Every structure is written in C-alpha cells, then in structure tokens.
Amino acid sequence: METIYSADWLLPIEGAPIQNGAIAFENGRITRLGTSAELGAGRRFPGAAIMPGLVNAHVHLEYSGYTGFGDGLDFGGWIALHLQRKLNLTFEDVVALARLGAAECLASGITTVVDASYNAASPRACSELGLKAIVGLEVFGADPEAALAHFEALKEIAAPALSEQVRLGISPHAPYTVSPEVYAAVRELGVPVVTHLAESAAERAWLTRGEGPLGAMGDELLPPLGETGIRALARAHAAGKEMIAAHCVDLDPEEIELLASLDVAVAHCPRSNGFLGCGIAPLADLLRAGVRVGIGTDSPASAPSFDMFEELRSVVAFSRAREHSSQALAAARALELATLGSAGALGIADQIGSLLPGKRADIAIVALDETSLLPWEDAQAAVVLGGSPERVVLTVVDGETKYEKGEFEWDVLRSASATARGRMLAGGSKARAAGP
Ligand SMILES: [Zn+2]
C-alpha cells in the first residue's frame with residue numbers, strides 16, 4: 001500500500017522545490033511526487049520540509065564516544081592518542097559505540113553512510129538500526145598479503161550483518177600507514193575503497209621528506225615515499241573511481257587534476273579539518289576540475305558530532321571564507337552535495353540522493369516550526385541554516401521509518417557508550433579488540 005507524506009515544502013534536489021508538496025512511496029521506492037492537492041495530504045508535517053535522506057560520505061561510527069579526545073593536540077599527537085586509547089576497548093564496547101553512532105546519524109536525517117571500520121563492529125550496528133552503509137574494513141601496513149588476510153578476518157566478523165543495505169568495502173587507512181602495493185592489491189577486490197588522502201601538511205611533510213609531527217605515531221607509520229600519496233597512488237595505478245578519499249585538504253593544482261583524471265571521489269569534511277587545524281579543502285577548485293565531491297562528518301574523534309546540518313553550515317562558511325566571496329557556494333548547492341553529490345561519490349546516484357519516482361524511499365523530514373526561520377523565504381537555505389538533529393522529526397530508509405523524534409531509546413544507547421568511553425579514559429588492559 002502506498003504511503004503519502006506531505007509538508008510545507010518538498011525538496012527533491014533534482015528539480016525545483018514544491019510548495020505544499022507531497023511524496024508517495026511503496027515497497028521501498030518512491031512512486032509519485034507532487035502537491036498535496038494532487039496526491040492527497042496523507043500524513044501532514046506542518047512547518048516542515050521533506051527532503052532526501054542525507055548521505056554521509058565519510059564517517060567512523062565506532063568512534064562515536066571519542067568526543068573531545070586530544071582536542072588541541074597537533075595531528076601527530078592526536079592520532080597517536082587515538083590509536084593508544086582504542087586498544088582499551090572490548091569488541092562489545094566497540095559495537096555499543098557504533099550503535100550510538102548509527103543512531104545519531106539517523107537522528108540527523110542521514111540514511112546512508114560510508115563508514116571506515118577498524119573492528120568490523122559497525123556493520124552489526126548499521127544492520128540492527130537500519131542505517132544503510134558501505135563499510136570499508138580498515139587495513140594497514142606495507143605487505144599486501146598480510147593486509148588482505150586481515151581484511152578476510154574482519155570480513156568474517158562482519159559477514160552476518162552484511163546485506164543489500166549494509167555493503168562491504170575496504171579501507172586502506174592512508175598513504176603513511178598503507179603502502180602503494182597494498183592500495184594496488186585492494187583494488188582487485190572490486191569493492192568500494194575508502195581512504196584518507198592529503199589530510200594535512202603533516203602528511204605531506206612525512207611522505208615527501210620524512211619530517212614533521214607524524215613521526216610521533218610509532219609502529220603504524222611507514223617509511224616516507226619521496227612524493228605525496230596521490231602521486232604515489234597514481235604512479236602505482238592504485239586509485240580510481242572505486243575510491244572515496246576523505247579530506248583532500250592539502251592539494252596542489254597538479255594533484256587536483258590527478259584526482260579528476262583518476263575519477264577518485266572526495267569526501268569533504270570541513271569541521272574535522274578545521275578542528276584538527278588541517279586547513280580548508282579547495283572545494284571550489286575540486287568542483288571546477290570535475291571531481292565527484294560528497295560531504296562527510298568524519299567522527300567525534302575530530303569533529304564533535306555526526307550532525308550533518310552543522311557540517312553543511314561549515315561547508316558553506318568555510319568555502320565562502322576560503323574564496324573571500326559570499327557567492328562561492330549557495331546553501332542549496334551544499335545541500336545538493338550532501339545528498340546527490342555524496343550519492344555520486346559512492347557511484348549510486350541512480351538509486352539515492354534525490355527524490356524521484358523509482359529511486360529508493362530514503363527520506364528525512366525537518367521541522368522548522370518553533371524557530372525564527374518561518375515564514376519560509378528559501379526552503380533549501382532554511383533547512384541548511386536552521387536544520388539540526390533536534391529538528392529532524394522522521395528518517396525513513398527504503399520506505400521504513402528508522403527514526404522518529406521522541407521514539408528512541410537514547411538512554412540505553414548512551415549508557416553503553418559511556419561505559420566504553422570510561423574504559424578508554426581509565427586505560428588498563430592493552431589487549432586489542434580484534435573480534436567478538
Ligand atoms: Zn576518517
């Protein structure tokens with residue numbers, strides 16, 4: 001049976017906003033769009049906009065409880081602290097953290113994430129909560145055989161949770177922890193490749209000259225390559241359209257052209273880059289070069305939340321600040337990047353990222369009543385400027401409600417996550433949380 005929702009505005013992203021719009025869906029797919037006069041009002045959401053579910057192009061759900069850890073440290077010190085605290089967790093702790101992360105994403109109107117998973121715990125959390133995901137299982141090191149063996153071990157842990165909605169990927173961490181040979185080998189698997197590239201000047205200093213704060217990382221750090229990661233991967237034929245590279249902040253013009261010609265997609269995470277003092281990615285240049293760009297929140301280990309609306313405002317503010325122009329990026333364009341743009345970065349813009357008949361019924365409903373943003377002037381700008389998890393009333397994934405404001409057991413999720421966070425702060429056992 002068809003379900004119909006209606007609201008003050010419907011924001012299809014592909015196509016103009018529809019005032020007093022309505023959407024109909026059935027069997028997980030959108031069937032019709034129009035005005036509520038045409039479709040009938042169905043369930044009416046007053047003071048709200050109906051929009052496509054947000055697509056978070058870079059996230060670490062397992063780090064939901066890391067908020068504020070190492071705040072203010074330099075990049076090398078931050079990553080070293082992060083690696084050390086992670087070792088204090090049990091596998092069940094990591095699942096609890098990932099559950100909270102998945103819940104916070106749904107509450108932020110996010111329906112799909114690209115996750116990088118260290119422990120293979122996040123697939124279980126996504127499957128339980130109904131958040132769609134491409135989960136890149138993280139591998140490290142210089143040896144392709146060892147990296148692929150580690151991937152197989154993680155895959156076994158993840159396997160029971162994998163489905164059409166929770167799909168497998170691989171995540172070679174970054175060019176300073178993973179060799180070009182490993183990157184080349186993981187391409188052969190034919191799954192999405194999630195990585196971190198050109199995140200900081202510290203990365204460039206280490207990879208090109210063997211200098212700088214990354215030296216504090218210890219065992220996980222590989223020897224310098226004598227060139228940047230993007231150049232090394234291009235030379236090794238180790239990057240292409242299957243790759244979603246987070247950050248891409250510290251780029252020269254030739255590297256931007258390389259990303260475009262290799263068709264590597266970029267997950268732009270401005271808050272993470274800002275809080276870590278890494279800089280502001282050249283978003284306008286990347287878009288001009290034709291690079292596929294999506295938006296990611298990264299995790300509370302760097303940015304303090306999975307709040308995609310905070311991220312969107314940062315996308316707009318940082319881009320305009322970098323370009324010294326209020327025209328550099330419209331709010332509506334930012335919203336497009338966090339929906340259709342991210343979907344394109346994943347290579348699935350034909351299925352998600354906008355509201356069109358035939359696409360998956362992945363929907364977020366944001367209510368701006370009780371705010372100063374009504375009456376509406378520009379509905380797309382209003383959602384970007386005024387949206388927040390507190391204002392998301394409903395998140396629908398494949399036609400099923402997975403989050404409804406006021407209907408979620410936050411207490412249980414938060415207390416399990418707090419236990420895990422406490423264990424990280426207390427230190428103690430250094431046994432690696434490798435499996436269930
Ligand atoms: Zn990341």
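Everything here concerns the structure above.
No experiment lies behind these values; they were computed from the predicted model shown.

Participant: Go over the packing of helix α12 (residues 308-323) against helix α13 (residues 331-345), please, and point to the residues and values.
Facilitator: Relative orientation of the contacting elements α12 and α13 amounts to 125°, with a least axis distance of 10 Å. Between α12 and α13, the interaxial angle falls into the category oblique. Crossing handedness for the pair α12 and α13: right-handed. Every residue of α13 that contacts α12 at M308, L312, V315, V316 and R320 is listed here: A331, A334, L335 and A338. The class makeup of the residues in the contact of α12 with α13 is 8 nonpolar, no polar and 1 charged.

Participant: Talk me through the packing of aromatic side chains; I want residue IDs and the actual numbers.
Facilitator: Applying the stated criterion across every chain yields a total of 7 aromatic pairs. Ring geometry for Y66 and F69: centres 5.6 Å apart, planes at 35°, overall tilted. The same class applies to Y66 as to F69, namely buried. Pairing Y403 with F408 gives two aromatic rings, centres 5.3 Å apart and planes at 65°, and the pair type is edge-to-face. By way of ring pairs, the aromatic residues Y5, F25 and F45 are connected into one cluster.

Participant: Provide a residue-level description of the coordination of the zinc ion, including the pertinent values.
Facilitator: Taken together, H58 (NE2), H60 (NE2) and H196 (NE2) make up the protein donors of the zinc ion, found 2.0 to 2.2 Å from the metal. Linear spacing of the donor residues for the zinc ion on their chain is H-x1-H-x135-H. Taken together, the residues span a long stretch of sequence, with H60 in the loop between β6 (54-59) and α2 (75-86) and H196 in strand β10 (residues 193-197) at a distance of 136 residues. With respect to class, H60 is no different from H196; both count as buried.

Participant: So, the pairing of strand β11 (residues 243-247): which residues are in play, and what are the values?
Facilitator: On any regular strand, side chains alternate: one points to one face of the sheet, the next to the other face. With 5 of 5 residues buried, β11 lies mostly within the body of the structure. Here β10 pairs with β11 via 5 bridges, running parallel. From the neighbouring strand, T195 faces β11, where its bridge partner is A245. With 3 bridges joining them, β11 and strand β12 (residues 265-268) adopt parallel strand pairing. Within β12, the position partnered with A246 by the bridge is A267. For the crossover that starts at β11, traverses helix α9 (residues 253-262) and ends in the parallel β12, the hand is right-handed.

Participant: Could you give me a rundown of the pattern of salt bridges, with the residues and numbers involved?
Facilitator: Taken as a whole, this structure holds 28 salt bridges when the rule is applied. Of the charged contacts, one joins K155 and E152 as a salt bridge, the two residues approaching to 3.8 Å between their closest N and O atoms. Of this pair, K155 and E152 both sit in helix α5 (residues 144-158), 3 residues apart, roughly one helical turn. Between D250 and R204 there is a salt bridge whose closest N-O contact spans 2.6 Å. Of this pair, D250 sits in the loop between β11 and α9 while R204 sits in helix α7 (residues 201-209); the two residues are 46 residues apart in sequence, bridging distant segments of the chain. Assessed through its relative accessible area of 22%, R204 is described here as partly exposed. Connected through shared salt-bridge partners, R204, R231, D250, D252, E254 and E255 make up one network.

How each quantity is defined
- Residues numbered from 1 in each chain as written.
- Predicted model: local features only at pLDDT ≥ 70, side-chain atom pairs only at ≥ 80, totals over all residues.
- Heavy atoms only, no water.
- Axes fitted to C-alpha atoms, helices over the stretch in contact; angles between N-to-C directions.
- Helix = DSSP H or I, 4+ residues; strand = E, 2+ residues; numbered from the N terminus.
- Parallel < 35°, antiparallel > 145°, perpendicular 65-115°, else oblique.
- Left-handed = near helix turned anticlockwise from the far one by under 90°.
- Contact = heavy atoms within 4.5 Å.
- Nonpolar A, V, L, I, M, F, W, Y, C, P; charged D, E, K, R; others polar.
- Phe/Tyr/Trp six-rings, centres within 6.5 Å; stacked < 30°, edge-to-face > 60°.
- Buried < 20%, exposed > 50% of the residue type's maximum accessible area, 1.4 Å probe, protein only.
- Donors = N, O, S within 2.8 Å, 3.2 Å for Na, K, Ca; no water.
- Pairing = 2+ DSSP bridges.
- Right-handed = clockwise from strand over helix to strand, strands pointing away.
- Salt bridge = Lys/Arg side-chain N within 4 Å of Asp/Glu carboxyl O.

From the geometry alone we can't say anything about function, so treat these as descriptive.
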